[in-house]
Amino acid sequence: MLRVHEIFYSLQGEARSSGRPSVFIRLTGCPLRCHWCDTAYAFSGGQLWSIEAILEKAASYSTRWVCVTGGEPLAQPECRPLLCHLLDAGYEVSLETSGALAIQGLDPRLSIVMDLKAPDSGEASRNLLTNVAHLKPTDQIKIVIASRADFDWACQQADTLDLFKRVDEVLISPVWQSIAPAELAQWVLDSQRPWRFQLQLHKILWNDTPGR
Ligand code: SF4
């Protein structure tokens, strides 16, 4: 059984699959407390679901894209078998994870979107940097930026960890309503590095309404 906060159907707002109509399975709970967390409502609550019931709910929507998110989905051990069952059922599955828990041994069919937490999140010490070696080129790394200091840190980490060679896309995005997107966009251009700048589509469309 897994504790699930919500299962809903919406447009994927981030990363390579942005814009795809997808089923979102949001698992309850997270061991981190990022200062700018936009899903703190998922730290607790929700209901227990069996994997079979989750698959049945996902099948009620006509899409082949599923995103497992949180909270931190890997905080629940049953998340791993859930991912395998979704993949076996033929879905293209992405996993959004904080980067603080081990990703080693996850199903290679999975598309992982892994955060690196910048200092202004308050959780940079939780980055499990050994995870980087377990990413496939088709996985993605995401860094959320709240300040110029965060951006300078991100550039340093990208260079030190060779992130642009490890994965095809290293995503960078501003904390929602914290720094001006155009300012970060200019930093990206000035840095002469192959970031993929992104804005969160669902927030532009629906102003950060839970379940959208
Ligand atoms: S890891 Fe994600 S869910 Fe957890 S506190 Fe940070 S932003 Fe929120």
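About the thresholds
- Residues numbered from 1 in each chain as written.
- Predicted model: local features only at pLDDT ≥ 70, side-chain atom pairs only at ≥ 80, totals over all residues.
- Pairing = 2+ DSSP bridges.
- Helix = DSSP H or I, 4+ residues; strand = E, 2+ residues; numbered from the N terminus.
- Contact = placed C-beta atoms within 7 Å.
- Axes fitted to C-alpha atoms, helices over the stretch in contact; angles between N-to-C directions.
- Core = buried A, V, L, I, M, F, W, Y, C linked by C-beta atoms within 7 Å.
- Buried ≥ 20, exposed ≤ 12 C-beta atoms within 10 Å, placed from the backbone.
- Parallel < 35°, antiparallel > 145°, perpendicular 65-115°, else oblique.
- Left-handed = near helix turned anticlockwise from the far one by under 90°.
- Nonpolar A, V, L, I, M, F, W, Y, C, P; charged D, E, K, R; others polar.
- Near = placed C-beta within 6 Å.

(A) Just the sheet that holds strand S2 (residues 21-27), in detail. Spatially, S3-S1-S2-S4-S5-S6-S7-S8-S9 is the arrangement adopted by the nine strands of the open sheet, whose pairing is mixed. Here the strands that pair on one side only, and so sit at the sheet edges, are strand S3 (47-49) and strand S9 (196-197). Bridge count between strand S1 (residues 2-11) and S3: three bridges; the pairing is antiparallel. Counted as the bridge partner of Val-4 is Gln-47 from S3. With respect to the sheet, helix H1 (residues 51-59) is in contact with S1, S2, S3 and strand S4 (65-69), its orientation differing from that of S1 by roughly 10°.

(B) Geometry of the nonpolar core. Core analysis: the largest hydrophobic core is formed by 43 residues, its most contacted members being Ile-25, Val-66, Val-68, Leu-83, Val-93, Ile-143 and Ile-145. With sequence-adjacent residues up to four places away left out, Val-66 is seen in contact with Ser-22, Val-23, Ile-25, Ala-58, Leu-86, Tyr-91 and Val-93.

(C) Representation of the packing of H1 against helix H2 (residues 79-88) within the structure. Remark: H1 packs on H2, axes separated minimally by 10 Å, with the N-to-C direction vectors making an angle of 40°. When the axes of H1 and H2 are compared, the pair comes out oblique. Seen along the crossing, H1 lies across H2 with a hand that is right-handed. Each of Ile-51, Ile-54 and Leu-55 in H1 lies in contact with H2, whose residues at this interface are Pro-81, Leu-82 and His-85. Its residues assigned to classes, the contact of H1 with H2 shows five nonpolar, one polar and no charged.

(D) Seen up close, the site of the ligand. Neighbouring the ligand are the residues Cys-30, Leu-32, Arg-33, Cys-34, Cys-37, Thr-39, Gly-70, Gly-71, Glu-72 and Ser-98. Residue classes in the shell around the ligand are distributed as four nonpolar, four polar and two charged.

(E) Quick peek at the environment of Ala-42. Mapped onto the fold, Ala-42 is located in the loop between S2 and S3. The class of Ala-42 is buried, set by 23 C-beta atoms lying within 10 Å. Expressed as a C-alpha distance, the spacing of Ala-42 and Gly-90, which sit 48 residues apart in the sequence, is 27 Å. Beyond its immediate sequence surroundings of up to four residues, Ala-42 is in contact with His-5, Arg-26, Thr-28, Gly-70 and Gly-71.

(F) Region of interest: the environment of Trp-65. Along the chain, Trp-65 turns up in strand S4. Judged by the 17 C-beta atoms lying within 10 Å of it, Trp-65 is partly exposed. In this structure the C-alpha to C-alpha distance between Trp-65 and Arg-20, which are 45 residues apart in sequence, comes to 7.5 Å. Among residues more than four places away in sequence, those in contact with Trp-65 are Gln-12, Ser-17, Arg-20, Ser-22, Tyr-91 and Glu-92.

(G) Broad picture of unusual backbone geometry. Omega for the peptide link from Gly-70 to Gly-71 comes to 10°, which places this bond in the cis form. Residues other than glycine seldom take positive phi values, yet Gln-192 does so here, at roughly 60°. Within the secondary structure layout, Gln-192 lies in the loop between helix H5 (181-191) and S9. A residue is classified by how many C-beta atoms lie within 10 Å of it, and Gln-192, with 8 of them, is exposed.

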